[in-house]
Each structure stands twice: as structure tokens, then as C-alpha cells.
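Remarks on the overall topology
The residues making up each chain are set out below.
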Amino acid sequence: MQLRGVDYGPIWAASGALGFFGEGYWFHTFGPSLDKLTFVAKTVTLEGNKGNMPLKLGTWEPRSFFPRCIKVNFFKGVAINAVGLSNFGLQTALAKNSWQKRTEPFLLSFMPISKTRAGRLEETRKFVRQMLLALPHFKGPVALQVNLSCPNTGENLRELEHEAVEILHILGELRIALVPKFNVMTSPQTVKRISEEVEIDGVSISNTIPYGQLAEQLDFERLFGNVSPLSKLGGGGLSGKSLYPLVYSWLNNARDERLALPINAGGGIFYEHQVDELFSLGAQSLSIASVIMLRPWRVPSIIAAAYKHSSRFA
């Protein structure tokens with residue numbers, strides 16, 4: 001996937017799949033190599049955000065091997081999480097000087113989380129000011145994935161959708177590739193409208209689905225029950241195999257809509273043939289996450305299948 005003349009690769013580790021700085025997680029030690037995946041950092045906020053997953057300050061790793069804000073149904077290949085964007089804030093992340101040392105193309109991820117529109121816009125402006133000071137020290141190419149779809153922060157996603165143009169316009173001051181990230185609840189028509197109003201370089205589809213949403217397409221009762229096991233943490237968002245038909249349908253609709261943007265598609269990719277299907281529908285790169293945790297032995301073939309398509313977009 002080309003963004004401003006830079007090749008960001010045909011398959012990405014979805015935001016958070018490799019942690020904040022590419023360190024990964026303890027269980028990756030027992031799985032296949034993830035080196036061929038483009039690194040997308042876990043989402044940071046301007047200021048530190050406690051969320052629901054306590055982190056170690058020095059490493060930003062989860063304090064627990066099995067965080068209580070994540071529930072897995074291994075046999076059905078799905079998970080829900082209510083991490084809630086736990087992080088120590090942009091300034092602390094930049095102070096680690098880890099992102100700045102990376103030489104291969106990668107993506108940062110940012111989301112404004114203030115409870116008011118004015119607050120979110122001001123957060124974005126402050127994020128830009130801090131990043132403008134930091135970017136000259138980055139050794140490699142970096143793009144920005146703008147998280148406009150996390151279900152775990154209490155935001156009104158529809159409100160954020162309307163603000164997307166304003167947020168992206170402010171972020172345009174960074175003069176790096178911008179790739180907003182939406183879940184499938186944001187229609188291709190809406191993404192097309194946004195792209196016509198503000199310059200963006202691509203779009204990432206999708207993110208988790210808030211628990212209980214799209215119930216006519218997602219059988220939450222069969223997966224985890226009518227009530228989310230993370231209800232005390234806000235319910236969380238669903239990821240894994242069940243999302244694939246939704247992503248497939250979204251891409252099909254985007255093709256019909258003639259959405260003229262590079263699309264990074266992800267959600268429920270567990271099989272090699274799904275890679276071919278999504279590329280055939282117009283995706284220019286893919287993202288994987290759940291499969292790394294739930295079916296790690298399938299990851300090498302999925303990566304290899306994505307690279308077979310990479311020459312199409314060279």
C-alpha cells in the first residue's frame with residue numbers, strides 16, 4: 001500500500017497487535033515470526049488515560065498476563081475487549097525515543113477523547129504541536145492512523161463521524177499520510193463524503209464492534225451471551241472471525257460506491273482464501289490481529305498470501 005510514495009506493505013499488524021512500540025506480547029514468543037507485518041502502534045491519547053488495562057510505566061506492557069478487560073472465546077475465534085485506550089500519553093511515549101529510532105515505514109495511532117467537541121478539537125491541535133516538534137527526529141517514514149472508532153472510551157461515534165473532517169483538517173498540518181480508521185458501522189458513502197471534504201491518504205476498515213450493535217448480523221448470545229461479560233467495563237467491542245462477513249460486505253459496497261481511496265481492510269481474517277477475496281474487492285493492504293492471538297499457526301500463510309498481491313500496487 002503506497003502512501004505519499006512510501007510503501008507501507010501489503011499486510012499490517014492492526015493497532016495494538018504488537019503493542020505501543022513493536023515489542024509484542026508474551027504469547028508471541030510461542031508463535032511464528034511477525035517480522036513481515038507493518039507495525040501500527042497501539043493508540044495513544046494526548047494526555048495519559050487510565051482505561052481498564054493497567055500498564056507498566058517503564059515498558060507500557062500490561063501488568064497482567066491475562067487482563068480482566070479482555071475475554072476470549074477461543075473455539076469460536078472471537079474476543080471482546082474493553083481496554084479503553086489505556087496509555088501514559090503522547091509526551092511520555094515520545095520521551096522513550098523508540099518510535100523515532102525506527103527505520104522501516106510504520107504508523108502511529110491517535111484518538112482525541114475529550115467529552116466535548118471543542119475539547120476533542122483542542123486535543124488534536126495540541127497533539128499536532130507536540131508531533132511537529134518530534135517529527136524531525138524520526139529516522140524512518142511514519143504515517144498516522146486516526147482512530148475514529150474505538151468503542152471503549154464513552155464517545156458518541158456518530159458525533160465523532162461528523163467531526164472527522166475538522167479533526168483530519170487539523171492533523172493535515174503534520175504533512176504526513178493520514179489514514180482514518182472506522183468500523184463497518186460507518187458507511188462507504190460517509191467515508192467518501194469525508195474524503196471529498198478533506199485530504200486523506202487512505203482509510204482503515206475496520207475496528208471492533210460495540211457489544212450488542214449490529215445484532216441482526218452478529219449473534220452475541222451465541223458468542224458470549226445477551227449481556228457482555230465486560231458489562232461492568234462498558235461492554236467492550238467484538239473482534240475476530242465473526243467480523244469477516246461485515247468487512248467483506250463493506251468492501252463490496254465501497255466498490256459499488258467507487259470509493260477512490262487506498263483501503264486497508266481487516267476484521268476476522270483467519271484464512272488464506274479471505275486474503276484473496278479482500279484484495280479482489282479492492283483492498284490495497286490488510287490488517288490482522290485476532291488471528292495472531294487465536295490461530296497463530298495460520299499467520300504465515302496469511303502473510304504470504306498478502307505478499308503475492310503486493311506487486312499489483314508497486
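Below is a summary of the structure that appears in this document. (Residues numbered from 1 in each chain as written. Predicted model: local features only at pLDDT ≥ 70, side-chain atom pairs only at ≥ 80, totals over all residues. Heavy atoms only, no water.)

What the chain contains, in helices and strands, is 9 helices and 16 strands. Here the chain has a C-alpha radius of gyration of 18 Å; the compact-globule value for 314 residues is 20 Å, and the two agree. Based on the C-alpha atoms only, the size of the chain along its principal axes is roughly 45 × 45 × 40 Å. For the chain, with 314 residues in total, the buried portion stands at 58%. For the chain, the share of sequence-separated contacts (at least 6 apart) that also reach a separation of at least 24 residues comes to 76%. Looking at the chain as shown, the accessible area adds up to about 13,700 Å², and 51% of this sits on carbon and sulfur atoms. (Helix = DSSP H or I, 4+ residues; strand = E, 2+ residues; numbered from the N terminus. Rg over C-alpha atoms; globule rule 2.2 N^0.38 Å. Buried < 20%, exposed > 50% of the residue type's maximum accessible area, 1.4 Å probe, protein only. Contact = heavy atoms within 4.5 Å. Areas by Shrake-Rupley, 256 points an atom, 1.4 Å probe, with all protein chains shown as cover.)

Here the focus is the packing of helix H6 (residues 244-257) against helix H7 (residues 272-280). For the pair H6 and H7, interaxial distance at closest approach is 9 Å and the crossing angle is 20 degrees. When the axes of H6 and H7 are compared, the pair comes out roughly parallel. Taking contact as the criterion, the partners of Tyr244, Val247, Tyr248, Leu251 and Arg255 in H6 are, on H7, Gln274, Glu277, Leu278 and Ser280. Broken down by class, the residue content of the contact of H6 with H7 amounts to 5 nonpolar, 2 polar and 2 charged. (Axes fitted to C-alpha atoms, helices over the stretch in contact; angles between N-to-C directions. Parallel < 35°, antiparallel > 145°, perpendicular 65-115°, else oblique. Nonpolar A, V, L, I, M, F, W, Y, C, P; charged D, E, K, R; others polar.)

Attention shifts here to the side chain of aspartate 201. Locating aspartate 201 in the fold gives a position in the loop between helix H4 (188-197) and strand E12 (203-205). On the accessibility criterion, aspartate 201 (13% relative accessible area) is buried. A distance of 2.9 Å separates polar atoms of two side chains, one belonging to aspartate 201 and the other to arginine 4. At a separation of 2.8 Å, a polar atom in the side chain of aspartate 201 contacts the main-chain amide nitrogen of leucine 178. Beyond its immediate stretch of four places on either side in the chain, aspartate 201 contacts Leu3, Arg4, Ile176, Ala177, Leu178, Leu261 and Pro262. (Polar contact = N/O pair within 3.5 Å; in protein donor to acceptor, adjacent residues only side chain to side chain.)

Our next topic: the pairing of strand E9 (residues 106-110). With respect to burial, E9 is a largely interior element, 5 of its 5 residues being buried. Here E9 shows a buried face lined by Phe106, Leu108 and Phe110 and a second buried face lined by Leu107 and Ser109. You can see the chain leave E9, run along helix H2 (residues 117-134) and come back into strand E10 (residues 142-147), and the turn it takes is right-handed. (Right-handed = clockwise from strand over helix to strand, strands pointing away.)

For the rest of this paragraph, the subject is the pattern of salt bridges. Considering all chains together, one arrives at 7 salt bridges under this definition. Arginine 125 is the partner of glutamate 122 in a salt bridge, and the nearest nitrogen-oxygen pair spans 3.3 Å. In this pair, glutamate 122 and arginine 125 are both assigned in helix H2, 3 residues apart and thus about one turn of the helix distant. Its relative accessible area of 31% is what places glutamate 122 among the partly exposed residues. Of the charged contacts in the structure, one is a salt bridge between aspartate 219 and arginine 222, with a shortest N-O distance of 3.8 Å. For arginine 222, a relative accessible area of 48% corresponds to the partly exposed category. Taken together, the shared-partner salt bridges in this structure form one network comprising Glu122, Arg125 and Arg129. (Salt bridge = Lys/Arg side-chain N within 4 Å of Asp/Glu carboxyl O.)

This part takes up the packing of aromatic side chains. Enumeration according to the criterion identifies 15 aromatic pairs in this entry. Both rings, one in phenylalanine 21 and one in tryptophan 99, keep their centres 5.4 Å apart while their planes meet at 40 degrees; by these two values the pair is tilted. Highlighted residues: phenylalanine 21 in the loop between strand E3 (11-13) and strand E4 (38-39) and tryptophan 99 in the loop between helix H1 (90-95) and E9, separated in sequence by 78 residues. Each member of the pair, phenylalanine 21 as well as tryptophan 99, is classed as buried. (Phe/Tyr/Trp six-rings, centres within 6.5 Å; stacked < 30°, edge-to-face > 60°.)

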